[in-house]
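As a plain string of letters, each chain reads:
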Amino acid sequence: MRRLAGIVLAAALLTGAAACGGDDKDPVGSDVEVGTESGNLKPEDVRASASEVADGWRELKRYADDVVAKLGSDEAALPELQERLLTIWEAILGSVKANDPATYDTADPALKTLMSAKGSGAKAEAEKAADVVEDAGDAYLEKFPASGAGASPSSSSSSDDSDDDSGSDVKSDDDPPLSY
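Basis of the calculations
- Residues numbered from 1 in each chain as written.
- Predicted model: local features only at pLDDT ≥ 70, side-chain atom pairs only at ≥ 80, totals over all residues.
- Heavy atoms only, no water.
- Helix = DSSP H or I, 4+ residues; strand = E, 2+ residues; numbered from the N terminus.
- Buried < 20%, exposed > 50% of the residue type's maximum accessible area, 1.4 Å probe, protein only.
- Polar contact = N/O pair within 3.5 Å; in protein donor to acceptor, adjacent residues only side chain to side chain.
- Core = buried A, V, L, I, M, F, W, Y, C linked by side-chain atoms within 4.5 Å.
- Contact = heavy atoms within 4.5 Å.
- Salt bridge = Lys/Arg side-chain N within 4 Å of Asp/Glu carboxyl O.
- Phe/Tyr/Trp six-rings, centres within 6.5 Å; stacked < 30°, edge-to-face > 60°.
- Expected span 1.5 Å × (residues − 1).
- Arc of directions from axis to C-beta.
- Patch = residues over 30% accessible without salt bridge, like charges linked within 9 Å, V, L, I, M, F, W, Y side chains within 5 Å.
- Areas by Shrake-Rupley, 256 points an atom, 1.4 Å probe, with all protein chains shown as cover.
- Lys, Arg positive; Asp, Glu negative; His and termini not counted.
- Charge placed at Lys NZ, Arg CZ, Asp CG, Glu CD.

Enquirer: Describe the environment of aspartate 108, listing the residues and the values that go with them.
Expert: Mapped onto the elements of the fold, aspartate 108 is located in helix α4 (residues 101-116). Classification of aspartate 108 by relative accessible area gives buried; the value is 11%. Sequence spacing of aspartate 108 and tryptophan 89 is 19 residues, and the spatial spacing of their C-alpha atoms is 8.5 Å. Among the polar contacts listed, one links the side chain of aspartate 108 to the side chain of tryptophan 89, at a separation of 2.8 Å.

This is the structure in structure tokens:
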């Protein structure tokens, strides 16, 4: 009896899993809108908070350096790093483009270079692109300094007159943390 119940349960699970499976005739990205963390908005339409943008620039710099380091030595790690660059950039590019189109126009092609770099032959170009991303981020944050917990401690927006000895500012509820 228990064996029969187990077989029936297994069959039901398999049938349910098959019913939940995707339809090969409707691939993702065809004419179907794909929901994201920001709903169905295009990345250009998403506005991140100042602290999220500051966090994003910091992460972009880190992953840009990681891409350069892996070129020619650990190619298998590149796709994940390049995907992270894309995800981070898409989270902040709408704010960057709206606030400072020149910085967007400088950073976007550099990031595309990093996201498509392959092999040791691309290392020199990727290093230049990583430098452009770093400089663009620094320039942007000088013009639009972030406040709150997401602010970089090295940025000019650091507060020396804080009564809090913890070293971090209080983050408001309308500044949700970035999650990657």
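Enquirer: Residues and numbers for the nonpolar core, please.
Expert: Nonpolar side chains in soluble globular proteins tend to end up buried together. Of all hydrophobic cores here, the largest spans 34 residues; its most connected members are Trp57, Leu60, Trp89, Leu111 and Leu114. Sorting the residues of this core by element identifies α2 (50-70), α3 (78-99), α4 and α5 (123-143) as the ones contributing at least two each. When sequence neighbours within four positions are dropped, the list of residues in contact with leucine 60 reads Leu85, Ile88, Trp89, Ile92, Leu111 and Val133.

Enquirer: Describe the pattern of salt bridges, naming the residues involved and giving the relevant values.
Expert: Tallied over the full model, the rule gives 8 salt bridges. With its nearest N and O atoms 3.3 Å apart, the salt bridge here joins glutamate 59 to arginine 58. Arginine 58 gets classed as partly exposed once you look at its relative accessible area, which sits at 41%. A salt bridge links aspartate 138 to lysine 61, with the shortest nitrogen-to-oxygen separation between them at 2.5 Å. Within this pair, whereas aspartate 138 is found in helix α5, its partner lysine 61 is found in helix α2, the two being separated by 77 residues in sequence. Salt bridges here are not isolated pairs; linked through shared partners, they connect Asp55, Arg58, Glu59 and Arg62.

Enquirer: Just give me the short version of the packing of aromatic side chains, but keep the residues and values in it.
Expert: Each aromatic ring pair is described using two quantities: the centre-to-centre distance and the angle formed by the ring planes. Applying the stated criterion across every chain yields a total of 4 aromatic pairs. Arranged with centres 5.9 Å apart and planes meeting at 15 degrees, the rings of tryptophan 89 and tyrosine 104 form a pair that is stacked. Remark: tyrosine 104 occurs in helix α4 and tryptophan 89 occurs in helix α3; sequence separation between them is 15 residues. The residues tryptophan 89 and tyrosine 104 share a single accessibility class, namely buried.

Enquirer: Tell me about α2, and please be specific about residues and values.
Expert: Taking 1.5 Å of rise per residue, the 21 residues of α2 would be expected to cover 30 Å, and the 30 Å separating its terminal C-alpha atoms lies within 8% of that figure. Positive backbone phi, at 80 degrees, marks glycine 72, one or two positions downstream of α2.

Enquirer: Talk me through α5; I want residue IDs and the actual numbers.
Expert: The end-to-end C-alpha separation of α5 is 30 Å, in line with the 30 Å expected for 21 residues at 1.5 Å each. Among the residues of α5, those classed as buried are Ala126, Ala129, Ala130, Val133, Ala136, Gly137, Tyr140 and Leu141. Down the axis, α5 shows its buried residues gathered within 125 degrees of arc, on one side only. Exposed residues lying more than 90 degrees from the buried face of α5 are Lys128, Asp135, Glu142 and Lys143. Among the structural elements, α2, α3 and α4 are those in contact with the buried residues of α5.

Enquirer: Can you lay out a negative patch on the surface for me, pointing to particular residues and giving the numbers?
Expert: Negative charge collects at one region of the surface, where Asp65, Glu127, Asp131, Glu134 and Asp135 lie side by side. Sort the elements by how many residues they give to the negative patch and α5 lands first, with 4 residues. The topology assignment puts glutamate 134 in helix α5. Owing to a relative accessible area of 34%, glutamate 134 belongs among the partly exposed residues under this scheme.

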